[in-house]
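Descriptive analysis of the structure
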Amino acid sequence: MTLARNIIIFTVTLSLVTFVAFFGRLPAFRNTPIGFLHRLLIEHIPSALRKLDVKLTNGRITSGGSRLGHHLMYEKHLAVVIFFLGLVTACALLFLPSVWHVLRWHHKLTVCVLLPQPYFFLYLSAKRNDQTYINALNHAEQMRHYPYDRVLYYPGNACTTCKFLKPARSKHCSICKTCVSRMDHHCIWVNNCLGRGNYKWFLALLLSTTILIAYGAYLAYTSLTPMAAKHYAKYARWYTYHPSPGSDPLSWATRFEVKGHNTLNYISIYLDVGGFRASGVGLLALLTWPLPFGLLAYHIYLIWAGMTTNESGKWADWRDDMAEGVVFLGHRREDTMRENKFFPQPSDHSSSSSSPFPTPPETPPEDEEPHTTWPLESRHILIRTPSGQPPRTLPSRIRGVAKEDSFERVWSLAAVENVYDLGFWDNLREALLN
Ligand SMILES: [Zn+2]
Ligand SMILES: [Zn+2]
């Protein structure tokens, strides 16, 4: 009973802290209690501890701690990979020998198929991937994957470290020290950036880990239930001498009448039978499988919405600025748009010839904005003005591309097209097969 309660409290607390620490920064949680807990955990508590340490020891304790924290959060290291694989390995070594003799052959076969998968997919996610890392050799090819949407990405921006033009949807990672194609995020679970080449392996890692952990919990339940029934038959035998009318001596209800009917007793019965090795690990699996499942569900949502984790932050910034009324949506001049693209139905705005400020087209040169293989191209340009007034003079990156008189204030993201969204199935195909 006490063991059951302690395991539950420990696992739930650890899962919650892990979830908040790693996922609380996601834009989806920005204005939620999880986002608040994240700021509390990552910013406010460390800063309060630093202030206290400065008063007490002149900052000696926290200077070492912050060096370690900086190393863990902002440098490449294998600590989290080793922790994750160590946990999976330790749980498998504790759990499987204790239940192997009661497992049916098809369960044994399924375990042999499922268990190696997280190791395999983690290796593929962590491996250096030339489709993900942009270098001088593949830069020209990387520039042709996605168009600049002029909402999240503009042509003509160079990476100051890599010294080449940033392809649309790419981002420089200061931890991996390279620009990453279709950057999703730098993931410390795989000690690598997730991008165009390895994002599919990360999805496979999440799916295989979810299935493995959930299957482990199911195996613990099915293999321990007959043992628990046998073990507690003695309570049933005891109960036959003290029967209550109409009760079945072998039923769970009877056993619960002996021990008290609540979830903790239910779990403690299994812990009595299977011990920490079988039941403890099974309980850990039952409580933790929602973590990889939740992350997988979040990435399925991102695929549905046609964006990466990196882009979800940029969209959230636009949404916040729109709510303040400082964002204006303009329409591109048709003569600056690429040919042979599919465009949604044109809007009812006046043509560029009626613009009061005729400007010669300043289409970026071919190496700055090459033709892409992407089927859509943006018709819009989004701009925020510090004054909150419609733009009078356009920034150079927009001048010549936008119709000057077409800017109108927008209050919602619904007014803006996401050209990287092709619809769920095409987005999924693009994420898995590029
Ligand atoms: Zn770079
Ligand atoms: Zn990285």
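Residues numbered from 1 in each chain as written. Chains lettered and ligands numbered in written order. Predicted model: local features only at pLDDT ≥ 70, side-chain atom pairs only at ≥ 80, totals over all residues. Heavy atoms only, no water.

**Some remarks on the overall build of the chain**
Condition: Counting from the N terminus, the helices are DSSP H or I runs at least four residues long and the strands are E runs at least two residues long. Per-residue accessibility, obtained with a 1.4 Å probe over protein chains only, is compared with the maximum for each type, and a residue is labelled buried under 20%, exposed over 50%, and partly exposed between these values. Any two residues whose heavy atoms approach within 4.5 Å are treated as being in contact. Accessible surface is estimated by sampling points in the Shrake-Rupley manner with a 1.4 Å probe; for residues, cover comes only from the protein chains shown.
Helix and strand counts for the chain come out as 14 helices and eight strands. Within the span of the chain, comprising 434 residues, buried residues form 46% of the whole. In the chain, the share of contacts with a sequence separation of at least 24, taken over all contacts with a separation of at least 6, comes to 73%. Of the roughly 23,100 Å² of accessible surface on the chain, a fraction of 64% belongs to carbon and sulfur atoms.

**Thoughts on the nonpolar core**
Nonpolar side chains tend to gather and get buried jointly when the protein is soluble and globular. How we decide: Among buried residues, the Ala, Val, Leu, Ile, Met, Phe, Trp, Tyr and Cys ones that are joined through side-chain atoms within 4.5 Å form a nonpolar core. For the domains described, the bounds stem from an automatic or database domain assignment.
Among the nonpolar cores identified, the biggest contains 67 residues, and Phe95, Phe202 and Leu382 are the most heavily contacted of them. In terms of residue count, the dominant contributor to this core is helix H8 (residues 199-231) (11 residues). Residue assignment places this core across two domains, with domain 1 (2-125 + 201-299) and domain 2 (309-433) each supplying three or more. Once residues within four sequence positions are removed from consideration, Phe95 is found in contact with Gly216, Leu219, Ala220, Arg277, Ala278 and Val281.

**Description of the coordination of the zinc ion (ligand 1)**
Selection criterion: Here a donor is an N, O or S atom found within 2.8 Å of the metal, or within 3.2 Å if the metal is Na, K or Ca; sites may look incomplete because water is not among the atoms.
Within the first shell, the zinc ion (ligand 1) binds the protein through Cys159 (SG), Cys162 (SG), His172 (ND1) and Cys179 (SG), at distances of 2.0 to 2.3 Å. Along the chain, the residues donating to the zinc ion (ligand 1) are arranged with the sequence spacing C-x2-C-x9-H-x6-C.

**Quick look at the side chain of Asn191**
With respect to the helices and strands, Asn191 occurs in the loop between strand S4 (185-187) and strand S5 (192-194). Exposure remark for Asn191: the relative accessible area of 13% places this residue in the buried category. With sequence-adjacent residues up to four places away left out, Asn191 is seen in contact with Lys76, His77, Leu78, Val81 and His186.

**Side note on the UniProt feature "transmembrane region" (unreviewed entry) in the chain**
Condition: UniProt positions are given in the numbering used here, feature names are shortened, and annotations may be inferred rather than shown by experiment.
UniProt records the feature "transmembrane region" (unreviewed entry) for residues 6-24, 77-99, 201-221 and 281-304 in the present numbering. For the annotated span residues 6-24, helix accounts for 95% and strand for 0% of the residues, and the straight-line distance between the end C-alpha atoms is 25 Å. With 96% helix and 0% strand, the stretch residues 281-304 has end C-alpha atoms that lie 34 Å from each other.

**Re the confidence of the model for the chain**
The condition is simple: pLDDT runs from 0 to 100 and stands for how confident the predictor is about each residue.
The predicted model of the chain averages 82 in pLDDT, with 84% of residues at 70 or higher. Across residues 342-361, where pLDDT falls below 50, the model places 33 contacts with residues more than four positions away in sequence or in other chains.

**Section: the pattern of salt bridges**
To keep things clear, this is the line we draw: When a carboxyl oxygen of Asp or Glu lies within 4 Å of a side-chain nitrogen of Lys or Arg, that pair is called a salt bridge.
All chains considered together, the criterion is met by nine salt bridges. Here Glu417 and Arg379 are joined by a salt bridge, their closest N and O atoms 2.2 Å apart. Of this pair, Glu417 sits in the loop between strand S8 (408-409) and helix H14 (424-433) while Arg379 sits in the loop between strand S6 (327-331) and strand S7 (380-384), and the two are 38 residues apart along the sequence. As far as the burial class goes, Glu417 and Arg379 line up, both buried. Measuring nitrogen to oxygen at the nearest pair gives 2.7 Å for the salt bridge that ties Asp426 to Arg429. Placement of the pair is Asp426 and Arg429 together in helix H14, with a separation of three residues, close to one helical turn.

**Some words on the coordination of the zinc ion (ligand 2)**
Counted only if it meets this: Each label reflects the angles at the metal, where four donors whose angles all fall between 85 and 135 degrees are tetrahedral, four or six donors whose opposite pairs open beyond 155 degrees and whose other angles stay between 65 and 115 are square planar or octahedral respectively, and the rest are irregular.
Coordination of the zinc ion (ligand 2) by the protein is provided by Cys173 (SG), Cys176 (SG), His186 (ND1) and Cys193 (SG), with metal-donor distances spanning 2.1 to 2.3 Å. One can describe the donor arrangement at the zinc ion (ligand 2) as tetrahedral, given that its four donor atoms subtend angles of 98 to 118 degrees at the metal. By relative accessible area, Cys193 is classed as buried at 0%.

**Regarding a nonpolar patch on the surface**
Definition in use: Each patch groups residues whose relative accessible area exceeds 30% and which form no salt bridge, using 9 Å between like charges and 5 Å between nonpolar side chains of Val, Leu, Ile, Met, Phe, Trp and Tyr.
Together, Val17, Phe36, Leu37, Leu40, Leu41, Ile42, Ile45, Leu49, Leu52 and Leu56 line one region of the surface with nonpolar side chains, adding up to about 860 Å² of accessible area. The element contributing the most residues to the nonpolar patch is helix H2 (residues 33-57), with nine residues.

**Focus: helix H6 (residues 116-126)**
Applicable threshold: As used here, the arc is the angular range of directions from the helix axis to the C-beta atoms.
What H6 keeps buried is the set Pro118, Phe121, Leu122, Leu124 and Ser125. Within H6, the buried residues cover an arc of 160 degrees as seen down the axis, which keeps them to one side.

**A few points about unusual backbone geometry**
Of note, the phi angle at Lys177 is positive, near 60 degrees, even though the residue is not glycine. Even without a glycine there, the phi angle at Asn191 is positive, about 55 degrees.

**What about the sheet that holds S7?**
The condition that has to hold: We treat two strands as partners when DSSP finds at least two bridges between them. Lines fitted to the C-alpha atoms define the axes, with helices restricted to the stretch that makes contact. Angles between their N-to-C directions range from 0 to 180 degrees.
A sheet is described by the order of its strands in space; here three strands give the open sequence S7-S6-S8, paired in antiparallel fashion. Bordering the open sheet on either side are S7 and S8, each of which pairs with just one other strand. Direction of pairing for S6 relative to S7: antiparallel, over a ladder of five bridges. In the sheet register, His331 faces S7, and the bridge partner there is His380. In this fold helix H13 (residues 309-323) packs onto S6 and S7, with an angle of close to 65 degrees to the strand it touches most, S7.

**Examining the sheet that holds strand S2 (residues 171-173)**
Reading across from one edge, S1-S3-S2 is the order of the three strands in this open sheet, with antiparallel pairing throughout. Two strands lie at the open edges of the sheet, namely strand S1 (133-134) and S2, each paired on one side alone. Sheet topology note: the S2/strand S3 (residues 178-180) ladder contains three bridges and is antiparallel. Counterpart to Cys173 in the pairing with S3 is Thr178.

**Here we look at the packing of H2 against helix H3 (residues 60-74)**
As a reminder, the rule being used: Convention used here: angles under 35 degrees read as roughly parallel, angles over 145 as roughly antiparallel, angles from 65 to 115 as roughly perpendicular, and any remaining angle as oblique. Side-chain classes are defined by residue name, with Ala, Val, Leu, Ile, Met, Phe, Trp, Tyr, Cys and Pro counting as nonpolar, Asp, Glu, Lys and Arg as charged, and the others, Gly among them, as polar.
The geometry of H2 relative to H3 is characterised by a closest axis approach of 7 Å and an angle of 140 degrees between their N-to-C directions. Taken together, the axes of H2 and H3 are oblique relative to one another. Of the residues in H3, those in contact with Leu49, Arg50, Asp53 and Thr57 of H2 are Arg60, Ile61 and Thr62. Taken together, the residues of the contact of H2 with H3 sort by class into two nonpolar, two polar and three charged.

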